[in-house]
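Okay, here's what each chain looks like letter by letter:
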Amino acid sequence: MSLEFSADAQKKIAALCDRYPTKKPVVMAALHLAQKEHGHLSDDALRLVAATLDLPYAHVYGVATFYTMYKREPAGKTTIRMCTNISCMMRGGYEVLAAFEQKLGVKKGGTTSDKQFHLVEEECIAACANAPCAVVGTKYFLDLTPDQVGKVIAELEADPHPEGEVV
Amino acid sequence: MPTDRNTKLVSARFGNEEAKTLAGYEKTGGYATLRKALAMRPEDITNEVKASNLRGRGGAGFSTGTKWGFVPKDAKQVHLVCNADESEPGTCKDRELIYWDPHLLIEGMIISAHALKAVHNYIYIRGEMMREYAVLQKAVDEAYARGYLGKNILGTGLNIELTVHRGAGAYICGEETALLNSLEGLRGQPRLKPPFPAVKGLFGNPTIVNNVETLMNVPFIVVKGGAWFNGLGMGRSGGTRMLCVSGHVNKPGVFELPIGITFRELIDEVCGGVWKGRKVKAVIPGGVSMPPLDESELDVPIEFDALQTDERIKNVMVRPGQQFDLGGGRALKTMAGSGGVVVMDDTSNIPKYVWRIMKFFAHESCGQCTPCREGTGWLEKVARRVADGKGKPDDLELLASIAHGIAGNTICALGDAAAWPMLGFLTKFRPDFEAAVKTKNKDVAA
Ligand SMILES: Cc1cc2nc3c(=O)[nH]c(=O)nc-3n(C[C@H](O)[C@H](O)[C@H](O)COP(=O)(O)O)c2cc1C
Ligand code: SF4
Ligand code: FES
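This one's a predicted model, so the numbers in the text were calculated from it and none came from an experiment.

Caption draft 1: A look at the sheet that holds strand 4 (residues 207-211) of chain B. All names here are of chain B. The four strands are arranged 3-2-1-4 in an open sheet whose pairing can be described as parallel. Where the open sheet ends on each side, the last strands, each with one partner, are strand 3 (161-166) and strand 4. Between one strand axis and the next, the sheet turns through 20° on average, direction left out of account. Taken strand by strand, helix 7 (residues 130-145) contacts strand 2 (120-125) and strand 3, and its axis lies near 165° from that of strand 3.

Below you can see the structure in the form of structure tokens.
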């Protein structure tokens, strides 16, 4: 099945191509857009990016598999990135992560069966002074405790903050 | 003489929602400096930056003016790239700086681009910083609409372009040559140096990579002069510094402070002391890549040179009796790094924290060099079993020899970034590791 970019994405990609001497540097933005529009980066989505930018498939594949935010498999709509790095760990980050696992009924890395939430154990998200913390799209949850996790999930159910919205 | 603690440059607009907009920024004096700078000769701006003793806030603390001076005079095309990839654990200033004052970064970049005669310039922002990306892109669009960016800016005949490039998750892209590869649309793997980016960088052209905070200081240097900026700091380090304090203190936070404040003053006077009435056990001085300090070393000023040379800081050892050699017999103490200060109280389980730091490096190694790829994996594995109470008596020696085998033997400094704290913690907290090997504690998470 061959995929396509929306007219809006095509416009964005074309505008970005003017910002660099060649099309190659646009591969990261195009992958972000493909992921937004097609949910994850299937082989077909990689082929779409390759064709759009006149790049070899192998090159696009190499880039897509290097960076952790690109998803090669379908995952939940809302990605919860919970930091457990040093500053967060020192103030209970692993306990908060465990609370997310328990409330969502998935292990870190997993997606809930309703495809709503994808839970990721994240490295430092540059909010260490408010540890432990999580980031979900454009929203930060700061100074978390395990007993706030239920409230965080309820809030995200009402306002899911999918990452695609900022591409 | 360092300045007083109320002097705020780059954080002056923190908390001011309106200042994020172009109109709000201009109302507080924004873009006035740009007009002055565009009327200056590029060399004169660089000379002020040299005189200011502004040093890179990204980690290495290299003199910004000196770095700018490395661009070959006859270069046809030069690029300025802002490193907004902030991901060194313990560091959380660039994110706040971009969020609260995106136009100050843009103004700093336009002025710096003029100084470097750079036309096509980029901000590489970490992929996970989606909120900050949205704020920054909006500000860039506003600056274009007002004629501060683009062709013939403010009628000066100068063309200065600025593009925001989003990353997609990879700590290593903070390393400047990995960042350049990523910007070119490649996997984010570091390049062998030399050539250094100032000579051959982005798209093969001379390129200056500077940190967010570094570039945000440039407008102040242009307005008030390099000598004034230098006077705010101490020794060969001009200006103020953003310090990010996290961990076991009563009031963690991101603070702009005079360069030269000591760790003890920072912890006790700025951050309300150690939490729960406890004492300090260890302090990471500038992101987890830097060797730690112990309680007896906290009266050292947080200044680039002091942290490398102050007699009160012990030398990092490979093993008892053998000093670590940075090259040519130079001892390693520690470095000011990224400004991320992590305070550990006296109940801290040091081996467990060290395991978490090693887990990070093992996860982030790009895999290009064998000592780093294999070594960081082994450091994590052995540190974990030590922390887990499953360590063997030889494990401390094993950790030391793995770390020693990585240091200095890799393409980029990530290898050192893993080795140095490993050796530093072993040097200063050896009894904690010895106790962990002897006792059975099984409280490592994950
Ligand atoms: C593994 C590694 C990660 C780095 N991460 C960052 C980073 O996130 N932000 C940053 O500004 N510099 C980072 N640096 C330092 C950059 O390579 C470079 O020295 C810096 O951006 C130069 O800017 P400055 O001179 O203004 O400090 C990193 C270095 C290494 C070795
Ligand atoms: S030191 Fe590590 S991160 Fe740096 S290039 Fe080598 S393998 Fe990659
Ligand atoms: S360690 Fe968790 S945000 Fe930095």
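Caption draft 2: Here's a closer look at the environment of Ala98 of chain A. Residue and element names in this part refer to chain A. Locating Ala98 in the fold gives a position in helix 6 (residues 93-104). A relative accessible area of 39% places Ala98 in the partly exposed class. As a C-alpha pair, Ala98 and Pro146 span 48 residues in sequence and 8.0 Å in three-dimensional space.

Caption draft 3: The pairing of strand 2 of chain B, seen in detail. Residues and elements named next belong to chain B. Burial runs high along strand 2: five of the six residues are buried. Bridge analysis of strand 1 (residues 79-84) against strand 2 gives four bridges, and the strand direction is parallel. Within the sheet, the bridge partner assigned to Ala84 lies in strand 2 and is Ile125. This β-α-β element, strand 2 to helix 7 to strand 3, shows right-handed connectivity.

Caption draft 4: Expanded view of the environment of Thr112 of chain A. Residue and element names in this part refer to chain A. Position of Thr112 relative to the elements: it lies in the loop between helix 6 and strand 2 (117-122). The buried category is assigned to Thr112, whose relative accessible area is 7%. Between the C-alpha atom of Thr112 and that of Asn85, which follows or precedes it by 27 residues, the distance is 24 Å. For Thr112, the contacting residues outside a window of four places in its chain are Leu104, Val106 and Phe117.

Caption draft 5: Region of the structure containing the interface of chain B and chain A. Between chain B and chain A, the contact holds 64 residues from the first and 43 residues from the second. Together chain B and chain A conceal approximately 4300 Å² of surface at their shared face, both sides included; 61% is due to carbon and sulfur atoms. In terms of surface lost to chain A, no three residues of chain B exceed Met130, Ala168 and Arg356 of chain B, which account for 16% of the buried area on that side. Linking chain B with chain A are three salt bridges. Our count for the chain B to chain A interface comes out at 25 residue pairs in polar contact (both at pLDDT 80 or more). Sorting the residues of the side of chain B that touches chain A by element identifies strand 2, helix 7, strand 3, helix 8 (176-183), strand 5 (240-247), strand 6 (253-258), strand 11 (340-345) and helix 13 (350-364) of chain B as the ones contributing at least two each. In terms of residue class, the side of chain B that touches chain A is built from 32 nonpolar, 17 polar and 15 charged.

Caption draft 6: Representation of the domain arrangement of chain A in the model. We note that the domain assignment places domain 1 (7-66) and domain 2 (78-158) within chain A. Inter-centroid distance (C-alpha atoms) of domain 1 of chain A to domain 2 of chain A is 29 Å.

Caption draft 7: Representation of the sheet that holds strand 8 (residues 293-294) of chain B in the model. Residue and element names in this part refer to chain B. Across the sheet, five strands lie side by side as 6-5-11-7-8; this open sheet has mixed pairing. Across the chains shown, the open sheet's two edge strands, defined by having one partner strand only, are strand 6 and strand 8. With six bridges connecting them, strand 5 and strand 6 associate as antiparallel partners. The partner of Leu243 across the bridge, within strand 6, is Phe255.

Caption draft 8: Spotlight on the layout of surface pockets. Its volume calculated, the second largest pocket comes out at about 550 Å³. Residue classes in the lining of the second largest pocket are distributed as 14 nonpolar, four polar and six charged.

Caption draft 9: Local environment of helix 8 of chain B. With seven of eight residues buried, helix 8 of chain B is to be regarded as a mostly interior element. Among the residues of helix 8 of chain B, those classed as buried are Thr177, Ala178, Leu179, Leu180, Asn181, Ser182 and Leu183 of chain B. Of the surrounding secondary structure, the elements contacted by the buried residues of helix 8 of chain B are helix 2 (27-38) of chain A together with strand 1, strand 2, strand 3 and strand 4 of chain B. One or two residues past the end of helix 8 of chain B sits Gly185 of chain B, with phi positive at roughly 90°.

Caption draft 10: Broad picture of helix 15 (residues 395-406) of chain B. All names here are of chain B. Under the 1.5 Å per step criterion, the end-to-end length of helix 15 is 17 Å for twelve residues, consistent within 8% with the ideal 16 Å. For helix 15, every residue scored as buried is listed here: Asp395, Leu396, Leu399, Ala400, Ile402, Ala403 and Ile406. Here the buried residues of helix 15 occupy an arc of 165° about the axis, which is enough to place them on one side. Of the surrounding secondary structure, the elements contacted by the buried residues of helix 15 are strand 9 (317-319), helix 14 (370-387), helix 16 (414-428) and helix 17 (430-438).

Caption draft 11: Just the pattern of salt bridges, in detail. All names here are of chain B. Overall, the coordinates contain 48 salt bridges over all chains when judged by the stated rule. A salt bridge links Arg13 to Asp101; the nearest nitrogen and oxygen atoms lie 2.9 Å apart. Separated by 88 residues along the polypeptide, Arg13 in the segment before helix 1 (22-27) and Asp101 in the loop between helix 5 (94-100) and helix 6 (102-116) bring together distant segments of the chain. Look at Asp101 and you get buried, because its relative accessible area is 0%. Of the charged contacts, one joins Glu297 and Lys428 as a salt bridge, the two residues approaching to 3.1 Å between their closest N and O atoms. Residue Glu297 is found in the loop between strand 8 and helix 12 (304-309), and its partner Lys428 is found in helix 16; the two are separated by 131 residues along the sequence.

About the thresholds
Residues numbered from 1 in each chain as written. Chains lettered and ligands numbered in written order. Predicted model: local features only at pLDDT ≥ 70, side-chain atom pairs only at ≥ 80, totals over all residues. Heavy atoms only, no water. Pairing = 2+ DSSP bridges. Helix = DSSP H or I, 4+ residues; strand = E, 2+ residues; numbered from the N terminus. Axes fitted to C-alpha atoms, helices over the stretch in contact; angles between N-to-C directions. Contact = heavy atoms within 4.5 Å. Buried < 20%, exposed > 50% of the residue type's maximum accessible area, 1.4 Å probe, protein only. Right-handed = clockwise from strand over helix to strand, strands pointing away. Buried area = accessible area lost by both parts, 1.4 Å probe. Salt bridge = Lys/Arg side-chain N within 4 Å of Asp/Glu carboxyl O. Polar contact = N/O pair within 3.5 Å; in protein donor to acceptor, adjacent residues only side chain to side chain. Nonpolar A, V, L, I, M, F, W, Y, C, P; charged D, E, K, R; others polar. Domains from an automatic or database assignment. 1 Å grid on protein atoms, 1.4 Å probe; cavity = no way out; pocket = protein on both sides within 12 Å on 5 of 7 lines; lining within 4 Å. Points joined across faces, edges and corners; volume = space filled by probe spheres on them. Expected span 1.5 Å × (residues − 1). Arc of directions from axis to C-beta.

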